[in-house]
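Coordinates in review
The chain contents come next:
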Amino acid sequence: MRIVSCPEAEVPAPLRAQVLELQDDAWPPGPAEPRSGRGPTHDPALRPVSMLLVEGDVVLAALDVLSKEIGHAGGRWRAAGLSTVVTRRAARGRGHGRRLVAAARDAVAASGADVGLFTCDRPLLAFYESAGWEELPGTVLVGGTPQAPFPSDAPGFDKVTVGAFFSAGAAARRAAFEHARIALHPGEIDRLW
C-alpha cells in the first residue's frame, strides 16, 4: 500500500476515475447532477491536494486537503482542512481511512499551516479523534461567503468541528478557537469543508 499525494488537478486519470466513483457511492448525485466527465471537485483557489491510499492500482481511500488564509481572533492564520473523506465500501473496517486521515494530519502539519479545521458528522468524531484530530467544543465554522454564509450549525445539521494546532502562535491562541464562530468562507463551490 502507498499514499499518493498531489494537487487534485494532477491526479492520474485512472485513479481520479476511481475517486469519483467512491464519492458518488458515498454521496449519490441527484438526478440533475450528471457526474461522468467531471473535472476537479474543489475550488482551485483552495489549493486542493488529493491524498489517496492505493493498493496495486486500486484506490482504497481518498480525501482532499483544502487550504486558505483566514482571519480570526485578531490574527491571520494559514488554515487547512479535510474534505471528501471516503473509503471504498468493500475495504471499510480495516483501518485504511484512519491511516489516510492520520497521514493527512501529518501532511497539514508539514505544510506550514497554523491550524487544521474542518467539520464532520457527529457520529464520525471518534474516528477522527483516533487519527489524531480533536474536537473543538462549541466551535462553528461559517462557510459559504460573507454575502451568503453557510454555518455548520444550520438547522438539520449535526456537525462538530475538529482541528489541530500546528504553529506556536495558533497553539497559544487555542482558547480563541473554542466556543467560537470562525469565518472560514471557502466560497460557493465548497461552501464548507
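Higher on the page you've got the structure.
Notes on the structure in this doc start here.

Definitions and cut-offs
- Residues numbered from 1 in each chain as written.
- Predicted model: local features only at pLDDT ≥ 70, side-chain atom pairs only at ≥ 80, totals over all residues.
- Heavy atoms only, no water.
- Pairing = 2+ DSSP bridges.
- Helix = DSSP H or I, 4+ residues; strand = E, 2+ residues; numbered from the N terminus.
- Contact = heavy atoms within 4.5 Å.
- Axes fitted to C-alpha atoms, helices over the stretch in contact; angles between N-to-C directions.
- Expected span 1.5 Å × (residues − 1).
- Salt bridge = Lys/Arg side-chain N within 4 Å of Asp/Glu carboxyl O.
- Core = buried A, V, L, I, M, F, W, Y, C linked by side-chain atoms within 4.5 Å.
- Buried < 20%, exposed > 50% of the residue type's maximum accessible area, 1.4 Å probe, protein only.

1. What to know about the sheet that holds strand β2 (residues 49-55)
- Strand order across the open sheet formed by seven strands is β1-β2-β3-β4-β5-β9-β6, with mixed pairing between neighbours. Strand pairing shows two members of the sheet lacking a second neighbour, β1 (2-7) and β6 (134-135), which therefore form its edges.
- Bridging between β2 and strand β3 (residues 58-72) involves seven bridges; their strand directions are antiparallel. Within β3, the position partnered with Leu-52 by the bridge is Ala-62.
- Contacts between helix α2 (residues 96-110) and the sheet are confined to β1, β2, β3, β4 (75-87) and β9 (159-165), with β3 contributing the most and set at about 35 degrees to the helix.

2. Some words on the sheet that holds strand β7 (residues 140-144)
- A sheet is described by the order of its strands in space; here three strands give the open sequence β8-β7-β10, paired in mixed fashion. Two strands close off the open sheet at either side, each with one partner strand: β8 (149-151) and β10 (181-183). Along the sheet, successive strands turn relative to each other by an average axial angle of 30 degrees, direction set aside.
- Examined bridge by bridge, β7 and β8 share three bridges and lie antiparallel to one another. Looking at β8, one finds that Gly-144 is bridged to Pro-149.

3. As for helix α1 (residues 13-26)
- Across its 14 residues, α1 extends 20 Å between first and last C-alpha, which sits within 8% of the 20 Å expected from 1.5 Å per residue.
- If you follow the buried residues of α1, they end up packed against β2, β3 and β4.

4. Focus: the environment of Pro-186
- Tracing the chain through its elements places Pro-186 in the segment after β10.
- Once residues within four sequence positions are removed from consideration, Pro-186 is found in contact with Asp-43, Leu-46, Lys-68, Gly-143, Gly-144, Arg-191, Leu-192 and Trp-193.

5. Considering the pattern of salt bridges
- Scanning the entire structure with this criterion turns up nine salt bridges.
- Note that Asp-114 and Arg-78 form a salt bridge whose closest N and O atoms lie 3.2 Å from each other. Placement of Asp-114 in the loop between α2 and β5 (115-121) and of Arg-78 in strand β4 is noted, with a sequence separation of 36 residues between them.
- The partner of Arg-122 in a salt bridge is Asp-158, with the nearest N and O atoms 2.7 Å apart. You can see Arg-122 sitting in the loop between β5 and α3 (125-130) and its partner Asp-158 sitting in the loop between β8 and β9, a full 36 residues away along the chain.
- One network of salt bridges, in which partners are shared, links Glu-134, Arg-174 and Glu-178.

6. Structural notes on the nonpolar core
- Judged by nonpolar contacts, the single largest core of 40 residues is most densely connected at Leu-63, Val-65, Leu-82, Val-115 and Trp-133.
- Listing elements by their share of this core, those giving two or more residues are β2, β3, β4, α2, β5, α3 and β9.
- Other than its neighbours up to four places away in sequence, Trp-133 contacts Leu-82, Val-101, Arg-105, Gly-116, Phe-118, Tyr-128, Val-162, Gly-163, Ala-164 and Phe-166.
- In terms of nonpolar packing, the next biggest core, distinct from the first, is built from 11 residues, Val-4, Leu-22, Ala-62 and Val-86 among them.

7. A word on unusual backbone geometry
- Backbone geometry places Thr-84, a non-glycine residue, at a positive phi of 45 degrees.
- One non-glycine residue with positive phi stands out, namely His-179, at about 50 degrees.
- Residue His-179 is classed as exposed on the basis of its relative accessible area, which comes to 60%.

Purely geometric stuff here, so don't read any function into it on its own.
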